[in-house]
Amino acid sequence: MLDAKIPAGDLNSKWTSYKDHCKLVNPANKRKMEVIVIGTGLAGASAAAALGEMGYKVKAFCFQDSPRRAHSIAAQGGINAAKNYQNDGDSVFRLFYDTIKGGDYRSREANVHRLAEVSGNIIDQCVAQGVPFAREYGGLLSNRSFGGTQVQRTFYAAGQTGQQLLIGAYQALERQVALGNVKMYNRHEMLDVVIIDGKARGIIARNLVNGELERHAGHAVLLCSGGYGNVFYLSTNAMGSNVTAAWKAHKKGAYFSNPCFTQIHPTCIPVSGDHQSKLTLMSESLRNDGRIWVPTKQNDTRKASEIPEEERDYYLERRYPAFGNLVPRDVASRAAKERCDAGHGVGTSRQAVYLDYAAAIERYGNIEAGKKDMHNVDPAAIVSMGREVVKEKYGNLFDMYEKITGENPYELPMRIFPAVHYTMGGLWVDYELQTSITGLYSLGEANFSDHGANRLGASALMQGLADGYFVIPYTIGNYLADEIRNPTPSTDDAAFVQAEKEVADRINTLKNINGTQTVESFHKRLGKIMWDKCGMARNAEGLTKAIEQIRQLKEEFWRDVKIPGDINEMNWELDKANRVADFIELGELMCMDALDRKESCGGHFREEYQTEEGEALRDDADYMYVASWEYKGNHNWDLHKEPLEYEVVKPTQRSYK
């Protein structure tokens, strides 16, 4: 049985009690302790900055040319916090409850409550750093709505919240670099974790510029390397995002939890052809004001402007009147797929629905006219004023849509369709964010703990910064306090030598295959298998077939992949081959996990398990646990279960009607 180390006591006091009783490391000893941080997105940058500020010696690694290129910059819509600025009934408990419910009761209660508790501190921290959150006319921070909630708790900076938050964390990180507390290793990729006496004591990294392998030792290793959505090839993730760091840790003994829990985002620009290598997300914040609809007639080829109001089906408003267009992402995604499958899709592919801002523009225009005491205003003037308001709130998103599609979303409804976005699964961690390997921690999207089977929008930024700024500074001390007598291990230790040899052997094997097929072609084929059989809907027959196909693909990859260039140089194809090889193994485990979980919950939708109305049908009696997989060898994993025990919330069938 997995021990999550959840503190005893009332849920409201667990985190406070933990902080009051955890072990501390004095300042003089912190200067002797070395911590390795993998990834410098929001979780990694905030953790490295916070630990450096505390006095630890930190080494931070990113495969990009700068921490500012981390995929965290792509987050658009906002970050949640329970400050109740709108006086609309929000509270720490409501944020906690909405997150638990949104995750379909498959997340750990204590971790989620802690997240809600520290959420307000994140906003204060970021404001102090100068993050330019949107403000109301009087200067107060502004909030907007997001899916899965009935309150306004999402703080935002236009449509570039992730970028602005990352700049805040980046400047905190760079300050510690300048002070000598953090040493940055850009263009370095972790290819193995080094275990000495059962504890994580370092990593093997590849210098991506010259191809050299390097050994780095420390007292603890923090994996903040993001999610694995690119296993599907087409996703909203940056093309470099990968699972390699987490997967190397998994193969060294770290359990991988709930890998099949994948979030499909409902608001993405549809696929336009086979030439595409990634998809573009349109922020969920657009559902705050936009209305989603399809024609009521099947196979309707008319332009949106030619379809009268009475022939439009605002299906989310019809099916979920209490939440309307702001239902959670998994619900909105499945509803869009259902409408398109039923023949109501729009666009040339018929795999899209409309996101329409006409009503919002008119509403805002009338409000502006009222502010100016204007009467009998020309409709064109109303539209003009309304567009200016929308432009101020969402302008950069509208500009991005027009650049990509060539259509003006102020004049025409946007066309959107679901796409792979976020992964709720990840490395198993306990309450302290420590994996099943002692001394190895996982933060942010790289772990599994906070979102259950579905992530509510604007919660990823919240979790990454909570883990980095407000959780790991306490929990890592509880471990390092017992390590102060242990010096940083020598990189000449036999464990480092062996780990480096294994990495070098794998690279040489890959390079010497000299096959006929490109790495990209294998990745595309894997992505199609995953999307078709383990995507928005899964069934036993498809998953069984997918496992068989992925195993065949793996054999073919290691027999016939072709990697040009040399090892000891900058070689993007070699880097990609390493990552795709890991994706192939991960894909197999994802399908095994989805096949084993004979229920539907959140983003995991098994077609065999649904209500009469087509909603996800959970099986709490048999599957209310974290499925944590231990790697045992090629095609072989053991399942470990962590029961989910709810002390405060009562799991019920989710309803947003």
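Residues numbered from 1 in each chain as written. Predicted model: local features only at pLDDT ≥ 70, side-chain atom pairs only at ≥ 80, totals over all residues. Heavy atoms only, no water.

Asks: Explain the overall build of the chain to me, please; I cannot follow it from the model alone.
Replies: What the chain contains, in helices and strands, is 17 helices and 19 strands. The C-alpha atoms of the chain give 24 Å as radius of gyration, which agrees with the globular expectation for 657 residues (26 Å, within 12%). The principal-axis extent of the C-alpha atoms belonging to the chain is close to 80 × 55 × 50 Å. Put simply, the chain has 657 residues, and 60% of those count as buried. For the chain, contacts bridging at least 24 residues in sequence account for 74% of all contacts bridging at least 6. In the form shown here, the chain has an accessible surface area of approximately 24,800 Å², with 48% of it arising from carbon and sulfur atoms. (Helix = DSSP H or I, 4+ residues; strand = E, 2+ residues; numbered from the N terminus. Rg over C-alpha atoms; globule rule 2.2 N^0.38 Å. Buried < 20%, exposed > 50% of the residue type's maximum accessible area, 1.4 Å probe, protein only. Contact = heavy atoms within 4.5 Å. Areas by Shrake-Rupley, 256 points an atom, 1.4 Å probe, with all protein chains shown as cover.)

Asks: Mind showing me how you'd approach the sheet that holds strand 7 (residues 199–207) here?
Replies: Sheets are built from strands that pair by backbone hydrogen bonding, the pairs being arranged parallel or antiparallel. In spatial order, the strands read 6-7-8; together these 3 strands make up an open sheet with antiparallel pairing. Each edge of the open sheet carries a strand with a single partner, namely strand 6 (188–196) and strand 8 (213–217). Sheet twist, expressed as the average angle between the axes of neighbouring strands with direction ignored, equals 25 degrees. The pairing of strand 6 with strand 7 spans 8 bridges and is classified as antiparallel. Paired with Glu189 across the strands is Arg206, a residue of strand 7. (Pairing = 2+ DSSP bridges. Axes fitted to C-alpha atoms, helices over the stretch in contact; angles between N-to-C directions.)

Asks: Could you clarify how one ought to interpret the packing of helix 5 (residues 109–129) against helix 12 (residues 460–480) in this entry?
Replies: In helix packing, the relevant descriptors are the interaxial angle and the interaxial distance, both defined with respect to the helix axes. Direction vectors running N to C along helix 5 and helix 12 enclose 100 degrees, while the axes themselves pass 9 Å from each other. By the criterion of interaxial angle, the relationship of helix 5 to helix 12 is roughly perpendicular. Mapping the contact onto sequence places Arg114, Leu115, Val118, Ser119, Asn121, Ile122, Gln125, Cys126 and Gln129 in helix 5 and Met462, Gln463, Leu465, Ala466, Tyr469, Phe470, Val471 and Thr475 in helix 12. Taken together, the residues of the contact of helix 5 with helix 12 break down into 10 nonpolar, 6 polar and 1 charged. (Parallel < 35°, antiparallel > 145°, perpendicular 65-115°, else oblique. Nonpolar A, V, L, I, M, F, W, Y, C, P; charged D, E, K, R; others polar.)

Asks: It is not clear to me how the sheet that holds strand 1 (residues 34–38) should be interpreted in this structure. Could you clarify?
Replies: Strand order in the open sheet formed by 5 strands is 5-2-1-9-17, and the pairing between neighbours is parallel. Edge strands, defined here as strands with exactly one partner in the open sheet, are strand 5 (182–185) and strand 17 (440–442). Ignoring strand direction, the axes of neighbouring strands in this sheet form an average angle of 20 degrees. Inspection of the sheet shows strand 9 (residues 220–223) paired to strand 17 by 3 bridges, in the parallel sense. Across the sheet, Leu222 pairs through a bridge with Tyr441, a residue of strand 17. Helix 12 rests against strand 1, strand 9 and strand 17 of the sheet, and its axis sits at about 150 degrees to strand 9.

Asks: What should I look at first to understand the layout of surface pockets in this one?
Replies: Each pocket or cavity is described by its volume, and for the second largest pocket that value is around 810 Å³. Looking at the second largest pocket, it is lined by 32 residues, and the ones nearest its centre are Leu234, Val271, Lys528, Trp531 and Asp532. Mapped by element, the contributors of at least two residues to the lining of the second largest pocket are helix 9 (329–344), strand 15 (414–423) and helix 14 (519–534). Ranked by residues supplied to the lining of the second largest pocket, first place goes to helix 14 with 6 residues. Here the lining of the second largest pocket spans two domains, and each of domain 1 (265–418) and domain 2 (494–643) adds at least three residues to it. (1 Å grid on protein atoms, 1.4 Å probe; cavity = no way out; pocket = protein on both sides within 12 Å on 5 of 7 lines; lining within 4 Å. Points joined across faces, edges and corners; volume = space filled by probe spheres on them. Domains from an automatic or database assignment.)

Asks: Help me out: how do you make sense of the pattern of salt bridges in this one?
Replies: A side chain with one charge can pair with a side chain of the opposite charge if their charged atoms come near. Following the criterion strictly, the structure yields 57 salt bridges and no others. Close ionic contact of Glu317 with Arg291 constitutes a salt bridge, the shortest N to O distance being 2.9 Å. Here the residue Glu317 occupies a position in helix 8 (residues 315–319), and Arg291 occupies one in strand 12 (residues 291–295), the gap between them amounting to 26 residues. One salt bridge in this structure joins Arg312 and Asp356, with 3.4 Å as the shortest N-O distance. (Salt bridge = Lys/Arg side-chain N within 4 Å of Asp/Glu carboxyl O.)

Asks: Would you mind going over the nonpolar core with me for this structure?
Replies: Within the largest apolar cluster, 76 residues are counted, with the highest numbers of intra-cluster contacts made by Ile38, Leu223, Phe256, Leu440, Met530, Phe557 and Leu586. At 12 residues, the largest contribution of residues to this core is made by helix 16 (residues 572–596). Discounting residues that sit within four places of it in the chain, Ile38 has contacts with Phe61, Met190, Ile203, Val221, Leu222, Leu223, Cys224, Ser225 and Ala245. In terms of nonpolar packing, the next biggest core, distinct from the first, is built from 75 residues, Val35, Cys62, Leu166 and Leu173 among them. (Core = buried A, V, L, I, M, F, W, Y, C linked by side-chain atoms within 4.5 Å.)

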